[in-house]
Amino acid sequence: MDKFLISGIQQVGVGTEDFRKSWDWYIDMFGIDVKILEDDTVAERMLPYTGGKPQQRHACIAVSLQGGGGFEIWQYSKRKPSPCPFTIAVGDLGIFAAKLNCRDVEAFYKEMSAKWKDCSEPELLPDGTPCFYIKDLYGNIFQIVENKKVFIEQGRLTGGMAGAVIGVSDMEASVRFYSEVLGYDIVKCDAIGKFSDNDIMPGADLNCRRVILASPKRRGAFADLFGDSTIELVQALERTPRKIYEGRYWGDPGFIQVCFDVTNMAELGKFCAAKGHPFTVDSCPDGKRFDMGDASGHFTYVEDPDGTLIEFVETHKVPVVKKLGMFIDMSRRNPEKPLPKFLFRLMGLVSKQRR
């Protein structure tokens, strides 16, 4: 991995039936209120996952300045979104929960349970991390995990994305993929037992195998903002799991992908291919920039052993103050040097003025 960088989880994609309602909920409940970009154009490069046809969609990437990955909130504009036709259970193949940073789980549980009914009681993950679960207004499950670190103080209990809980069919193959390809090579726990004492998720009372993976400290321009993250792999042992996106499109309701911020996409592509996971989508096969609204870059996709989508994004241009023509040109910076906090504070001020 010396020839490229994976700087952390840039965002987790959340497909929704109503873009505005979902984002308003994430702002009100989680404080995900800093818009990095917003785009309402046609997705032309995702044909393997959109029925072979370009599809128009409305999407935005929003973050919390307290730290963690962002949310990519996503809705089809001219096609009726297709929700999962069955009730997703623990261990179903794909991302069945997203992890969210929280500085004080007990305090946030008290705050949330007073205003939102779909909250489980606090408990401990197998590695000892305090957590609880929240179901959003469209049934997506968030695992709220305790992390005392804060990037920029905003006076909130929550930050951004801290990882994902992913159902797998072959634990050894999946651990190999997430450790060797994505750098999650620290095993925090490997446990067998029921998933939870809470009943917020079907199948939580059945035995499963859970492996929680972490990575060494990441490097890169956005690494301090994204912070630490974990990938929790879950293999059902007492039921046959179903594939969450079987027969549906990328962007349909649910957790679409985990996206990683990277540097030197060309070298990463060679590395992934050598590991048996070549890019299935490449936005810039000719090496040119791909524009997405006010930002530009290069994105690619690979699949984990069960077909769960992993996105890589190499950022080329990020808007800071669009009206003043103020952008960050990443190609002119040392890729390992963290961006200064004042730029993120400025993004936050401008974003809140636009809302």
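Throughout this description, residue numbers start from 1 for each chain and increase along the sequence as written. Whole-chain, interface and lining totals are the exception, using all residues; otherwise, since this is a predicted model, local features are given only for residues with pLDDT of at least 70 and side-chain atom pairs are given and counted only at 80 or more. To obtain the side-chain values, all non-hydrogen atoms of the structure were used and water was disregarded.

## Description of the overall build of the chain
Piece 1. Counting its regular elements, the chain contains six helices and 18 strands.
Piece 2. In summary, the chain has a C-alpha radius of gyration of 19 Å against a globular reference of 20 Å for 355 residues, a match within 12%.
Piece 3. By definition in these notes, contact holds between two residues if any of their heavy atoms fall within 4.5 Å. Long-range contacts, defined here as pairs at least 24 residues apart, represent 71% of the contacts in the chain between residues at least 6 apart.
Piece 4. Using a 1.4 Å probe, accessible areas were evaluated by the Shrake-Rupley method; residue-level cover was limited to the displayed protein chains. For the chain, the exposed area adds up to about 14,900 Å²; of that, 49% sits on carbon and sulfur atoms.
Piece 5. When charges are counted, Lys and Arg contribute as positive and Asp and Glu as negative, whereas His and the chain ends are disregarded. Note that the charge is assigned to NZ on lysines, CZ on arginines, CG on aspartates and CD on glutamates. Taken together, the 46 basic and 49 acidic charged side chains of the chain have centroids lying 5 Å from each other. For helices the rule is a DSSP run of H or I covering at least 4 residues; for strands it is a run of E covering at least 2, with both sets numbered from the N terminus onward. In this setup the radius of gyration rests on C-alpha atoms only. A globule is expected at 2.2 Å times the number of residues raised to 0.38.

## Thoughts on the sheet that holds strand β9 (residues 158-167)
Within a beta sheet, neighbouring strands are joined by backbone hydrogen bonds and run either parallel or antiparallel to one another.
Piece 1. When DSSP finds two or more bridges between two strands, those strands count as paired. Read from one edge to the other, the open sheet built from eight strands follows the order β6-β7-β8-β5-β9-β12-β11-β10, with strand pairing classed as mixed. Of all strands in the sheet, those with a lone pairing partner are β6 (123-124) and β10 (186-194), marking the two edges.
Piece 2. In this structure, strand β5 (residues 94-102) lies alongside strand β8 (residues 141-146), joined through five bridges in parallel fashion. Bridged to L100 within β8 is I144.
Piece 3. Sheet contacts for helix α2 (residues 105-113): β5, β7 (130-135), β8 and β9; angle to β7, the most-contacted strand, approximately 25°.
Piece 4. Orientation is described by axes fitted as lines to C-alpha atoms, over the contacting stretch for helices, and by angles from 0 to 180 degrees between their N-to-C directions. Of the strands in this sheet, β9, β11 (207-214) and β12 (230-236) touch helix α3 (residues 171-180), which is tilted by about 165° from β12.

## Structural notes on the packing of aromatic side chains
Piece 1. Any two rings among Phe, Tyr and Trp, with Trp reduced to its six-membered ring, count as a pair given centres within 6.5 Å; such a pair is stacked if its planes are under 30 degrees apart, edge-to-face if over 60, and tilted if neither. What the rule picks out here adds up to 26 aromatic pairs.
Piece 2. Note on F299 and Y301: the rings are 6.1 Å apart at their centroids and 90° apart in plane angle, and the pair reads as edge-to-face. We note that F299, like Y301, is buried.
Piece 3. Counting every residue linked through ring pairs, the aromatic cluster contains W25, Y26, F30, F71, W116, F142 and F255.
Piece 4. Any Lys NZ or Arg CZ found within 6 Å of a ring centre and within 35 degrees of that ring's normal is scored as a charge over the ring. In this structure, R242 packs its charged tip against the face of F86, placed 4.0 Å from the ring centre. For each residue, the accessible area found with a 1.4 Å probe, counting protein chains only, is set against the maximum for its type, and the residue is called buried under 20%, exposed over 50%, and partly exposed in between.

## So, the nonpolar core
Piece 1. Put simply, a nonpolar core is a bunch of buried Ala, Val, Leu, Ile, Met, Phe, Trp, Tyr and Cys residues held in one set by side-chain atoms that sit within 4.5 Å of each other. Grouped together as the largest cluster of nonpolar side chains are 56 residues, with contacts concentrated most on F30, F71, I134, L182, F260 and F312.
Piece 2. In terms of residues, this core owes the most to one element, helix α1 (residues 19-30), which gives seven residues.
Piece 3. Ranked by size, the runner-up nonpolar core spans 34 residues in total, among them Y133, C189, C208 and Y301.

## With respect to helix α5 (residues 265-274)
Piece 1. Those residues of α5 lying buried are M265, L268, G269, F271 and C272. Taken around the axis of α5, the buried residues stretch over an arc of 165°, which confines them to a single face. Facing away from the buried side of α5 by over 90 degrees, the exposed positions are A266, K270 and A274. The arc in question is the one traced by the directions running from the helix axis out to the C-beta atoms.

## Concerning the environment of K317
Piece 1. Looking at where K317 falls in the secondary structure, it is placed in strand β17 (residues 309-321).
Piece 2. When the C-alpha positions of K317 and S331 are compared, they lie 8.2 Å apart, and in sequence the two are 14 residues distant.

## Considerations on the pairing of strand β4 (residues 70-76)
Piece 1. With seven of seven residues buried, β4 is to be regarded as a mostly interior element.
Piece 2. What you see with β4 is no split at all: G70, E72, W74 and Y76 on one side and F71, I73 and Q75 on the other are buried throughout.
Piece 3. When strand β1 (residues 5-15) meets β4, the two strands line up parallel, connected through five bridges. Across the sheet, the residue bridging to V12 is F71, located in β4.
Piece 4. Note that strand β3 (residues 55-63) and β4 share six bridges and pair antiparallel. Note that in β4 the partner of I61 across the bridge is E72.
Piece 5. The antiparallel hairpin formed by β3 and β4 contains six residues in its connecting segment, where G67 sits at a positive phi of about 115°.

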